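Residue-level structure breakdown
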Amino acid sequence: MSKKIASARISEASSELLKELNNSLPFDKLLYREDIQGSLAHAFMLSRQGIISKDDFSLIEKGLKEILGEIENGTFSLDRDDEDIHMAIEGYLTTKIGDAGKRLHTARSRNDQVALDFRLYVQKNTLILAKLLHENIETLLELASKHTATLLPGMTHLQHAQPINFAYHMMAYAVMFKRDHERFMSSYDRNNYSPIGCAALAGTPHPIDRDITASKLGFREPTLNCLDTVSDRDFALEVLFNISTMMMHISRLSEELILWSSSEFRWITLDDRHATGSSIMPQKKNPDIPELLRGKTGRVNGNLVGLLTVMKGLPLAYNKDMQEDKEGVFDSVKTATLSLKVLNEMMALLKVNEENMNRACMIGHLSATDLADYLVKKIGMPFRDAYHIVGNVVNLAEEQGVDISELSLEQLQSIEPHIGIDVLDILDNNASMNARTSKGGTATVRALEQIELMREWMKNLKI
Ligand code: ARG
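This write-up is about the structure you can find in this document.

Quick notes on the rules
Once a new chain begins, its residue numbering starts again from 1 and follows that chain's sequence as written. Where totals are concerned, whole chains, interfaces and linings use all residues; where local detail is concerned, this predicted model gives features only for residues with pLDDT of at least 70, and gives and counts side-chain atom pairs only at 80 or more. In computing side-chain properties, one takes all heavy atoms of the structure into account and sets aside hydrogens as well as water. In this text, helices come from DSSP runs of H or I with a minimum length of four residues, and strands from runs of E with a minimum of two, each type numbered from the N-terminal end. C-alpha atoms define the radius of gyration in this analysis, and the globule rule sets the expected value at 2.2 Å times the number of residues to the power 0.38. Burial status follows relative accessibility: with a 1.4 Å probe on protein chains alone, a residue under 20% of its type maximum counts as buried, one over 50% as exposed, and anything between as partly exposed. In this analysis, two residues are considered to be in contact whenever any of their non-hydrogen atoms come within 4.5 Å of each other. Any two strands between which DSSP finds at least two bridges are classified as paired. In this description, a nonpolar core means a group of buried Ala, Val, Leu, Ile, Met, Phe, Trp, Tyr and Cys residues linked to one another through side-chain atoms lying within 4.5 Å. Nearness is judged by heavy atoms alone; a residue qualifies as near a molecule or strand once a single heavy atom is within 4 Å of it. Contacts described as polar in this section are N or O atom pairs within 3.5 Å, which, within protein, must combine one atom able to donate a hydrogen with one able to accept it, while residues neighboring in sequence count only if both atoms come from side chains. Residues are grouped as follows: nonpolar covers Ala, Val, Leu, Ile, Met, Phe, Trp, Tyr, Cys and Pro; charged covers Asp, Glu, Lys and Arg; every other residue, Gly included, is treated as polar. Fitted lines through C-alpha atoms serve as axes, helices being fitted only where they are in contact, and the angles separating the N-to-C directions of these axes extend from 0 to 180 degrees. Roughly parallel means an angle under 35 degrees; roughly antiparallel, over 145; roughly perpendicular, 65 to 115; everything else is oblique. Less than a right angle of anticlockwise turn of the near helix away from the far helix marks a crossing as left-handed, whereas a clockwise turn marks it as right-handed. The term salt bridge refers to a pairing of a side-chain nitrogen on Lys or Arg with a carboxyl oxygen on Asp or Glu at a separation within 4 Å.

A few words now on the overall build of the protein chain. Looking only at helices and strands, the protein chain features 20 helices and 6 strands. Rg of the C-alpha trace for the protein chain: 30 Å, well past the compact-globule value of 23 Å for 463 residues, more than 25% over. With the principal axes as the frame, the protein chain shows a C-alpha extent of 100 × 50 × 40 Å. For the protein chain, buried positions account for 51% of its 463 residues. Intrachain contacts of the protein chain at a sequence separation of at least 6 include 74% that bridge at least 24 residues.

Structure representation (structure tokens):
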């Protein structure tokens, strides 16, 4: 049994089981920097407004800075019995500086304090994730710029469809990561408001100035409505959603890397650093890293659904259920940070087997659509008729065991006599890829343009 620190009403000591259920210090200790940062800003404002004396502020400031140092150098351990990080730091401050420490909590509640600390944490990590995305996009652009003429079969339904170049394929992921980056930054912007000073739920009669704390902490301004603020976890949900979406993109890329590194494809080779062996099969090289990245997507999705479920049905304002908000966010942030770092390293060292990709383009009659387009343009045939004729050409090629680009002019003319010698250029896979010059298309010129436009976008980014 231990004595409750934060309660004037409850005289009985807490049971060990209650503590185990109730205490958040084992995980919210991660917020010690944000808690101290928030308290420093709050104390500064209190003294500016004459709510506490300058002397008390000096003591609080000195004490909090000392505590920060002691936590970082390990002399003050956070593996303790306190209920949460807020109580642990305030309690220790008071043992250090006495009454001044007890004045720190004037005009504030743990409800706005935790909303502030958690928001500071989310905002800080949002910028870190955006920066890592930026680095990943750069790596993809670098990889893409080396492969604007490397042919591979573009697929739908995982079936060979039309020839594209590898730069174009990588740019598809670069564009996904651009959207992810934009999502993180727009969440950052939307949530850039300071919760501190909302107190328990209704504000405070003390003459505080929330603009002072907001600007000291780097927020745009204070939040508008305190009742909302102390029970709002949208900022946490947004980062969870943003991470889930980004991890879904990483997972899709990982899935392709796994396929492409298999014996059936052999389109890429993962660096030995990013593959492992089997304990029983000596010949094996397994794509564990992309498999783990794909697998980690499951837990971040779980974290998102978990918090959505916690928040659903909570009456205003703060409820203790909301203490369940943190572990999932910490886990998703940690997972996403590590995943982005690993992905970046893996993509930078990826070996592209151009010849194998190119060879795969000879399977699946990739230029069949080009032949149909040729018949439409050259003979003025309605597309549906051309489509059927090409079907017959494909059947002939299948019978002969070749790709349609390998059929002779005579063979093609046996199906459609109007086909001319110029068709042979059209059926070539490289020509087919380069013919798709419409905006956003795969032609090398368009892939180069996409790389260029993306570089422009990156240049104007602050993060
Ligand atoms: N540890 C709590 C949390 O994480 C802090 C807020 C407690 N507020 C309260 N009124 N009990 O949510």
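Further remarks concern the pairing of strand 1 (residues 151–156). Pairing analysis gives 6 bridges linking strand 1 to strand 2 (residues 159–165), with the strands arranged antiparallel. Within strand 2, the residue paired with Thr 156 across the bridge is Gln 159. Between strand 1 and strand 2, which pair antiparallel and follow one another directly, the connecting turn spans 2 residues, one of which, His 157, has a positive phi of 55 degrees.

Bringing the nonpolar core into the picture now. Of all hydrophobic cores here, the largest spans 89 residues; its most connected members are Ile 60, Met 170, Ile 243, Val 329 and Met 347. Ranked by residues supplied to this core, first place goes to helix 11 (residues 234–260) with 12 residues. Discounting chain neighbours no more than four positions away, the residues touching Ile 60 are Ala 43, Ile 52, Leu 93, Ile 97, Ala 100 and Leu 104. Judged by nonpolar contacts, the second largest core, of 20 residues, contains Ile 389, Val 394, Leu 396 and Leu 409.

With that out of the way, let us pick up the site of the ligand. Around the ligand lies a shell formed by Ser 24, Asp 28, Asp 84, His 86, Arg 110, Asn 111, Val 114, Tyr 318, Gln 323 and Lys 326. At 3.0 Å from a nitrogen atom of the ligand is found a side-chain nitrogen or oxygen belonging to Ser 24. Residue Tyr 318 places a side-chain N or O atom 2.5 Å away from an oxygen atom belonging to the ligand. Top element by residues in the shell around the ligand is helix 7 (residues 110–145). It accounts for 3 residues. Of the residues contributing to the shell around the ligand, the split by class is 2 nonpolar, 4 polar and 4 charged.

Moving on, we get to the packing of helix 11 against helix 12 (residues 288–311). Helix 12 packs onto helix 11 with a crossing angle of 155 degrees between their chain directions and a minimal axis gap of 8 Å. Judged on the interaxial angle alone, helix 12 and helix 11 are roughly antiparallel. In this structure, the crossing between helix 11 and helix 12 has a hand that is left-handed. Considering only residue class, the contact of helix 11 with helix 12 consists of 17 nonpolar, 6 polar and 4 charged.

On to the side chain of Ser 39, then. Positionally, Ser 39 belongs in helix 3 (residues 32–48). Of note is the side chain of Ser 39, whose polar atom sits 2.9 Å from the side chain of Arg 108.

This part takes up the environment of Leu 68. Relative to the helices and strands, Leu 68 resides in helix 4 (residues 54–72). In sequence terms Leu 68 and Ile 36 are 32 residues apart; their C-alpha atoms lie 7.2 Å from each other.

Geometrically, the link from Leu 316 to Ala 317 is a cis peptide bond, its omega value of 0 degrees lying close to zero. Residue placement: Ala 317 occurs in the loop between helix 12 and helix 13 (326–348). Phi is positive for Arg 266, close to 55 degrees, though the residue is something other than glycine. Mapped onto the elements, Arg 266 comes out in the loop between helix 11 and strand 5 (268–269). Overall, Arg 266 belongs to the partly exposed group, its relative accessible area being 48%. A positive phi angle, close to 55 degrees, is found at His 365, a residue other than glycine. Relative to the helices and strands, His 365 resides in the loop between helix 14 (354–360) and helix 15 (368–379). Take His 365: its relative accessible area is 9%, and that puts it in the buried class.

Here the focus is the side chain of Asn 125. Within the element layout of this structure, Asn 125 appears in helix 7. A distance of 2.9 Å separates a polar atom in the side chain of Asn 125 from the backbone oxygen of Tyr 121.

Before going further, it helps to examine the pattern of salt bridges. Tallied over the full model, the rule gives 32 salt bridges. Residues Glu 66 and Lys 96 are paired through a salt bridge, measuring 2.8 Å at the closest nitrogen-oxygen approach. Taken together, the residues Glu 66 in helix 4 and Lys 96 in helix 5 (residues 85–97) connect sequence positions 30 residues apart. A residue is classified by how much of its surface remains accessible, and Glu 66, at 33% relative accessible area, is partly exposed. When the shortest N-O distance is used, the salt bridge between Glu 70 and Lys 96 registers 2.6 Å. Pair noted here: Glu 70 is in helix 4 and Lys 96 is in helix 5, with a separation of 26 residues, a long-range link. Residue class for Lys 96 comes out partly exposed when judged on its relative accessible area of 28%.

Once that is clear, we can look at the packing of helix 7 against helix 11. To describe two helices that pack against each other, one gives the angle between their axes and the distance between the axes. Direction vectors running N to C along helix 7 and helix 11 enclose 25 degrees, while the axes themselves pass 10 Å from each other. Relative to helix 11, helix 7 is oriented roughly parallel. Crossing geometry of helix 7 relative to helix 11 is assigned as left-handed. Residue-level contacts link Ala 115, Phe 118, Arg 119, Val 122, Thr 126, Leu 129 and Leu 133 of helix 7 to Phe 235, Ala 236, Val 239, Ile 243 and Met 246 of helix 11. Per-class residue counts for the contact of helix 7 with helix 11 are 10 nonpolar, 1 polar and 1 charged.

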